[in-house]
Amino acid sequence: MMIEGDTCGPYGAANDHVEESSLSPDALARLWPDDVQEIKRVAKVFPFRINRYVMGLIRSPGDPIWRQAVPDIQELEDLTGWEDPLAEETLSPVPNLVHRYPNRVLWLVSHECAMYCRFCTRKRRWQAPLPMTDDIFRAGLDYIRRHAEVKDVLLSGGDPLLLPLSRLENILAALSKISHVEIIRIGTRVPSMFPEKVTVQLAEMLARYHPIFINIHFNHPREITSESRRACMLLANAGVVLGSQTVLLKGVNDEAGTLGELFHNLLTMRVRPYYLMQMDLTRGTAHFRTPIAVGLQILRALRNRISGLAMPQFVVDLPEGRGKVVLTPNSVDAIEGDLLVIRDYQGNQCQYPLLPGEGTELGRWLAV
Ligand SMILES: *Cc1c(COP(=O)(O)O)cnc(C)c1O
Ligand code: SF4
């Protein structure tokens, strides 16, 4: 199965999804041994999409892949949180383009996803997606053209790698003609959840538009398979700089051993862990939320035990579109005169000599 350019229609539909209606009774029974009706109720509000590859990754109901893919009644029971916690709609000067930081924009160029991740921050869009029509595309492009401060364009969606190849190439070609756009980034879940969509043709096309950075969404070591390895290899060999984003999910990956294995294995595919993300406050996702301390504990447990290259930053995306904030576990206990009292990675306290008089200023930075 390959992306065949224009044969798939202009706005993506190039998918071989297994939708609810096409699942065999056997497959349904395998996914939901208990109450199929209940799950169908959830799917009316928050649809699901599980392709053959993801079906193959699921070993049993309740496992880490199943929890990410299969509707759960708790989605309807959660009335906390926001429909759009990051205020993306408010921060959109034109449809599908979010301008939150001074020098970069997030451009939602695709409304197709390899699967509907139950914890998705944009699940508000699943029922009524806002496809990128030619008009919306031109408006976004014009906006970027008129804003010379935009040096970095982050393509997301949905998933840009599910667009027909020619459509994605049009976008990249148009951006590459704008001289102030210096970097193009793509956020995708295709290499982890629909790896066969990463083709030689796609890799060769991307290589014409460097510098291209791709951040791949990986949440669990079981998402690393020979197929996803092959997809990453094609992209890395094409000179694409690969990073990963991982959402910290209760009952899926909220444990140092699991994430340590994931981050290390990502490095073996030339994927550099970039962000570990605290769950957004999205309505219908509260059952995935961990206390913030869990993320900090996991990073503390992994620091110096796995390669520093494998360590992502832990970020919280603040409500109302105030942006991402990096949180790090605190290692400093106190400043005593010209001595910093600090804990090593094994938890043992030690002293680090400061320059004379440095302590007061340093205390402000470290909040001790
Ligand atoms: C996350 C995000 C970015 C990119 O942020 P980086 O920290 O540079 O990776 C840009 N715009 C929006 C709206 C975002 O949510
Ligand atoms: S692939 Fe990304 S945009 Fe699509 S449902 Fe998953 S998290 Fe959301």
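Just so it is clear, the structure is predicted and the values come from calculations on it, not from any experiment.

Student: I'm lost on the overall build of the protein chain in this one. Help?
Tutor: Along its length, the protein chain carries 13 helices and 12 strands. For 368 residues, the compact-globule estimate of 2.2 N^0.38 gives 21 Å, and the protein chain sits close to it at 22 Å. Dimensions of the protein chain along its principal axes, counting C-alpha atoms only, are 70 × 55 × 40 Å. Counting the 368 residues in the protein chain, one finds 53% classified as buried. In the protein chain, the share of contacts with a sequence separation of at least 24, taken over all contacts with a separation of at least 6, comes to 77%. Carbon and sulfur atoms make up 54% of the accessible area of the protein chain, which amounts to about 16700 Å² in all. Between the centroid of the 40 positive side chains of the protein chain and the centroid of its 43 negative side chains there is a distance of 2 Å.

Student: Just checking my understanding: could you explain the packing of aromatic side chains for this structure?
Tutor: For any pair of aromatic rings, the description consists of the separation of the ring centres together with the inter-plane angle of the planes. The final tally for this structure, using the stated rule, is 5 aromatic pairs. Their ring planes at 90° and their centres at 6.4 Å tell us that F46 and W126 sit as a pair that is edge-to-face. Placement of F46 in the loop between α2 (36-45) and α3 (52-57) and of W126 in the loop between β2 (104-108) and α6 (134-146) is noted, with a sequence separation of 80 residues between them. A relative accessible area of 8% places W126 in the buried class. Above the face of the F137 ring, R167 is positioned so that its terminal group lies 5.3 Å from the ring centre.

Student: How do you make sense of the pairing of strand β6 (residues 241-247) when you look at a structure like this?
Tutor: A regular strand carries its side chains on alternate faces of the sheet. Of all 7 residues that make up β6, 5 are buried, and the element is covered over most of its length. Where strand β5 (residues 212-217) lies against β6, 5 bridges are found, and the strand directions are parallel. Bridge assignment links H217 to a residue of β6, and that residue is Q245. Read as a crossover between parallel neighbours, the route from β5 over helix α10 (residues 226-237) to β6 is right-handed. Of the strand pairs in this sheet, β6 and strand β7 (residues 271-277) are connected by 6 bridges, and their pairing is parallel. By the bridge assignment for β7, T246 is matched with L276. Since β6 and β7 lie parallel, the crossover through helix α11 (residues 256-268) that links them has a hand, and here it is right-handed.

Student: Explanation requested: the pattern of salt bridges in the structure shown.
Tutor: Two side chains carrying opposite charge are able to pair once their charged atoms lie near each other. Throughout the structure, instances matching the rule amount to 20 salt bridges. Across the pair R222 and D63 runs a salt bridge whose closest N-O atoms are separated by 2.8 Å. Placement of R222 in the loop between β5 and α10 and of D63 in the loop between α3 and α4 (64-69) is noted, with a sequence separation of 159 residues between them. For R343, the salt bridge goes to D333, with nearest N and O atoms at 2.8 Å. With R343 in strand β11 (residues 339-343) and D333 in strand β10 (residues 332-336), the pair connects residues that are 10 residues apart, well separated along the chain. Using a relative accessible area of 26% as the deciding quantity, one classes R343 as partly exposed. Three or more residues are tied together by salt bridges with common partners; here these are D84, E88, E89, R122, R124 and R125.

Conventions we followed
Residues numbered from 1 in each chain as written. Chains lettered and ligands numbered in written order. Predicted model: local features only at pLDDT ≥ 70, side-chain atom pairs only at ≥ 80, totals over all residues. Heavy atoms only, no water. Helix = DSSP H or I, 4+ residues; strand = E, 2+ residues; numbered from the N terminus. Rg over C-alpha atoms; globule rule 2.2 N^0.38 Å. Buried < 20%, exposed > 50% of the residue type's maximum accessible area, 1.4 Å probe, protein only. Contact = heavy atoms within 4.5 Å. Areas by Shrake-Rupley, 256 points an atom, 1.4 Å probe, with all protein chains shown as cover. Lys, Arg positive; Asp, Glu negative; His and termini not counted. Charge placed at Lys NZ, Arg CZ, Asp CG, Glu CD. Phe/Tyr/Trp six-rings, centres within 6.5 Å; stacked < 30°, edge-to-face > 60°. Lys NZ or Arg CZ within 6 Å of the ring centre and 35° of its normal. Pairing = 2+ DSSP bridges. Right-handed = clockwise from strand over helix to strand, strands pointing away. Salt bridge = Lys/Arg side-chain N within 4 Å of Asp/Glu carboxyl O.

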